[in-house]
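# Observations on the model geometry
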Amino acid sequence: MAQIDLLLLHPPSVYDFRERAILYGPISDLIPSSPVFEMYPLGFLTMTSYLEERGLNVRIVNLAQRMIKDRKFDVPAFLAKLNPKAVGIDLHWLPHAHGAIEVAKLVKQIHPTTPVIFGGLSSTYFHEELIRYPAVNYVLRGSSTELPLYELLMSLAAGQSPAQVPNLTWKADGEVRVNPLTFIPETLDFVDLMPERLVKMVLRHRDLQSVLPFSGWWQNPITAVFTVKGCAHECVTCGSSSQACELLSKRKQPQFRSPQSLVKNMLDISRFSKGPIFLVGDLRQAGDKHAYEILALLREAGIQNEIVFELFNMPPLEFLTAIDESVENWSLELSPESHDEEIRRRQDGTTSFTNAEMETVIQAAQSLGCHRIDVFFMIGLPQQTQKSVEETIHYCEHLMQGSDKRLSCFISPMGPFIDPASRGFEEPERFGYRLFAHTLEEHRQLLVQPSWQQILNYETIWMSRAELVSATYDAAEALNDLKLKYDRISRPRGEEVAHRIKQARDIRDRLDAFDRGDKMDPAAFQALQGEINAFSVSTVCDKKELFWRRHPVNYRPIGIMRIMLAYLRDLVGRDS
Ligand code: B12
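Below is a short write-up of the structure. Here the structure is a predicted model, which is why all the values come from computation and not from measurement.

## Section: the overall build of the chain
Looking only at helices and strands, one finds 23 helices and 17 strands in the chain. Computed over its C-alpha atoms, the radius of gyration of the chain comes to 23 Å, within 12% of the 25 Å expected for a compact globule of 576 residues. With the C-alpha coordinates of the chain rotated into their principal frame, the extents come out at 65 × 65 × 45 Å. Out of the 576 residues belonging to the chain, those deemed buried represent 60%. For the chain, contacts bridging at least 24 residues in sequence account for 76% of all contacts bridging at least 6. Split by element, the accessible area of the chain, about 23,100 Å² in all, is 52% carbon and sulfur. In the chain, 63 side chains carry a positive charge and 73 a negative one; their mean positions are 6 Å apart.

## Brief notes about the nonpolar core
If you look at the biggest cluster of nonpolar residues, it comprises 85 residues, and the most contacted ones within it are Phe309, Leu332 and Val375. Among the elements that make up this core, the one with the highest residue count is helix 20 (residues 465-485) (8 residues). Phe37, Val87, Val116 and Val136 belong to the second largest nonpolar core, which has 48 residues in total.

## Regarding the site of the ligand
Taken together, the neighbourhood of the ligand is formed by 39 residues, with Ser33, Leu42, Leu94, Thr145 and Asp419 sitting nearest. At a separation of 2.9 Å, a nitrogen atom of the ligand approaches a polar side-chain atom of Ser122. At 2.7 Å, a side-chain N or O of Thr145 approaches an oxygen atom of the ligand. Among the elements of the structure, helix 1 (43-53), strand 3 (87-90), strand 4 (116-119) and helix 5 (121-125) are those that each provide at least two residues to the shell around the ligand. The residue makeup of the shell around the ligand, split by class, is 19 nonpolar, 15 polar and 5 charged. In terms of domain composition, the shell around the ligand takes at least three residues from each of domain 1 (6-178) and domain 2 (221-509).

## Re the packing of aromatic side chains
Taken as a whole and assessed by the stated rule, the structure comprises 12 aromatic pairs. Taken together, a centroid distance of 5.9 Å and an interplanar angle of 85° make the contact between Phe183 and Phe190 edge-to-face. Assessed through its relative accessible area of 16%, Phe183 is described here as buried. Their ring planes at 75° and their centres at 5.7 Å tell us that Tyr433 and Tyr458 sit as a pair that is edge-to-face.

Analysis parameters
- Residues numbered from 1 in each chain as written.
- Predicted model: local features only at pLDDT ≥ 70, side-chain atom pairs only at ≥ 80, totals over all residues.
- Heavy atoms only, no water.
- Helix = DSSP H or I, 4+ residues; strand = E, 2+ residues; numbered from the N terminus.
- Rg over C-alpha atoms; globule rule 2.2 N^0.38 Å.
- Buried < 20%, exposed > 50% of the residue type's maximum accessible area, 1.4 Å probe, protein only.
- Contact = heavy atoms within 4.5 Å.
- Areas by Shrake-Rupley, 256 points an atom, 1.4 Å probe, with all protein chains shown as cover.
- Lys, Arg positive; Asp, Glu negative; His and termini not counted.
- Charge placed at Lys NZ, Arg CZ, Asp CG, Glu CD.
- Core = buried A, V, L, I, M, F, W, Y, C linked by side-chain atoms within 4.5 Å.
- Near = heavy atom within 4 Å.
- Polar contact = N/O pair within 3.5 Å; in protein donor to acceptor, adjacent residues only side chain to side chain.
- Nonpolar A, V, L, I, M, F, W, Y, C, P; charged D, E, K, R; others polar.
- Domains from an automatic or database assignment.
- Phe/Tyr/Trp six-rings, centres within 6.5 Å; stacked < 30°, edge-to-face > 60°.

And the structure:
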């Protein structure tokens, strides 16, 4: 087999999570991943397709997923068997600050001369600190790195200096060099997710586990399609808000994928998967013309998968009718964040819809063929008090009373971190935040604290870290009761969540009560060691509530066969 040109590794959040005893908390309950954050960036797929189209051989290995799946999976032994020309590691999400650097160290121990390349939003934010770790050779900055990555790999292969590679931070003779950030593409259509490449990668390396996006994906094959890079909104807590994007990637305006490229991508996915397709970003951000064009193309495409639309602002009702006429199966995701309109306005002045407007949209969507409406609330916002969180749960009851079982509500803490580059992180006092970590190294150390109360990198002047934690469990308990009362979940499921919340609270109290110094309560240590599930998963809702109804067979065997045949044809073509 040809030598791998680039091995892309996705680390776990905390490298040695299998040995440590940490109460991670419900920081990942509203996403498919576990607290190990095993999902790799979508960018792994765009980078793979860009490089492979230019003749390079890329392999993705989701180390986090492998380590969860097989508790004995031996990372050093696995890495020692591979001999890539370069290794890429994502430090996209800051919660990987521990795992990403530990994996880099391991790679360097095993393959001392192999270049180690970092990338992603957190790498970009902390590039000058990150490049100083001895195990890190290169950092590619910005939210689009396909071309710079290709140029870097080419210059490495030719033994040339990377001084001309755009967006690159590197070091030479012990000095840090920061090349200008000049690759800011004007269109997004030069890259595609090309999911079929994953199927080929599985065949090439006879390794399915390494490319799975998260634990349980095989049973719930949800896929996400990006519609935009950058954002028009200014949410105080978001590390990809319009102000954050300008800081990180000099992107002044959001850039949208063309309707043709987007719908082609969705069609490609629908050829092998029957699972839901999540459209990341509100289509109306690009203007109504753009959004309606996408809907017109979707109508022609006739995709049967559930299509999940996000709404950042409340659309006119004609837009919902247009969705209903364009796709057979659809759902909505709404994130009002708080029931309190003033808090919502404070979080993002541009998302200033009222509760009444949102309820009108909910009613209209339910009178059409919308299958499901998820409404998301968050804890940790400016001006939000414990009392306000309680009121949010009352508002959830109001929503549930006024609608049928297709609507459900979710609440979670902002955690473990407020995003670097967000307005709240950059100007904490202005928005009422107190930060417990500023540098990458400080975040790395927070991640290995015993409990999520100490891991949170912030508190607000309205709620201390302890109060954020208590407010979360109180809200989770109350919301779970409501879901039982209004028949949103089955009794056994609701009772299981209640039991898990109780367990999580008990262990938290045990950790709090212990006068620790450097040690931890021995019983708590024993219960938590290597544990990522019992106290930190399904403690604000049952994770299964996130997923859509399943098909008896989630995949389209004929579509997969076609990709396999194309792969075999390629192989034969190469050999002859
Ligand atoms: C869709 C999305 C998700 C999806 C997952 C999508 C995925 N697998 O990538 C879901 C909903 C599951 C999710 C979860 C989380 N997310 Co999120 N997510 C987004 C969102 C809205 C869009 C991302 C996107 O479309 N990217 C487009 C793809 C094509 O590009 P990309 O993946 O960024 O990759 C490019 C570059 O980043 C870079 N790059 C990335 N990795 C690497 C590695 C190397 C080696 C190189 C060279 C380059 C490189 O090059 C790539 C190609 O150009 C962004 C906000 C935004 N508008 O950007 C937040 C965002 C990225 N998420 C964020 C966060 C905090 C999280 C969570 C930690 C939240 C939580 N506590 O649950 C989890 C982590 C999940 C995990 N790893 O398991 C923050 C990150 C802030 C930060 N710096 O840490 C963001 C910025 C905003 C936010 N708060 O939601 N997320």
